[in-house]
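Each chain is listed here by its residues.
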Amino acid sequence: MDKKFDEVELLTVAEVATKLRVSRMTVYRKVRSAELPAVHFGKSIRVPATAIEAYLLEGISTQKSPSRQEA
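Criteria and cut-off values
- Residues numbered from 1 in each chain as written.
- Predicted model: local features only at pLDDT ≥ 70, side-chain atom pairs only at ≥ 80, totals over all residues.
- Heavy atoms only, no water.
- Helix = DSSP H or I, 4+ residues; strand = E, 2+ residues; numbered from the N terminus.
- Buried < 20%, exposed > 50% of the residue type's maximum accessible area, 1.4 Å probe, protein only.
- Contact = heavy atoms within 4.5 Å.
- Areas by Shrake-Rupley, 256 points an atom, 1.4 Å probe, with all protein chains shown as cover.
- Pairing = 2+ DSSP bridges.
- Polar contact = N/O pair within 3.5 Å; in protein donor to acceptor, adjacent residues only side chain to side chain.

Asks: Go over the overall build of the protein chain, please, and point to the residues and values.
Replies: A count of helices and strands for the protein chain gives three helices and three strands. Helices (α) and strands (β) of the protein chain occur, in sequence order from the N terminus, as β-α-α-β-β-α. Taken over 71 residues, the protein chain has a buried fraction of 18%. Intrachain contacts of the protein chain at a sequence separation of at least 6 include 40% that bridge at least 24 residues. Entry remark: accessible area of the protein chain is about 6200 Å², with carbon and sulfur atoms responsible for 52%.

Asks: Lay out the pairing of strand S3 (residues 44–48) with the relevant residues and their values.
Replies: With three bridges connecting them, strand S1 (residues 10–12) and S3 associate as antiparallel partners. Looking at S3, one finds that Leu11 is bridged to Val47. Summarising the sheet, strand S2 (residues 39–41) and S3 pair through three bridges and their orientation is antiparallel. Bridged to His40 within S3 is Ile45.

Asks: Before we move on, could you go through the environment of Ser61 and cite the residues and values that matter?
Replies: Note on placement: Ser61 falls in helix H3 (residues 49–63). Polar contacts involving the side chain of Ser61 include one to the main-chain carbonyl oxygen of Glu58, which spans 2.9 Å.

Asks: Run through unusual backbone geometry, naming residues and quoting values.
Replies: Here the phi dihedral of Arg21 falls at roughly 60°; this positive angle occurs in a residue that is not glycine. When you line up the elements, Arg21 lands in the loop between helix H1 (13–20) and helix H2 (24–32). One non-glycine residue, Ala34, adopts positive backbone phi at about 70°. Summarising the element assignment, Ala34 is placed in the loop between H2 and S2. Under the relative-accessibility criterion, Ala34 is labelled exposed at 62%.

These values are about where atoms sit, not about what they do.
Right, here's the structure in full:
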């Protein structure tokens, strides 16, 4: 692991929802389906900030469509 523990930023579900402009339920669904990695502390869930960045970058790359050539 190349990051120190002190440098890891963990966000609450509410913070993630605010940053992504979605509902908290949407974040819970993404965590439950393992689309968004999270750390569970009892009933609390924390999402690493780097996981949000990776999720967004993955979404951007999958939405790019291949260029179409017209004949």
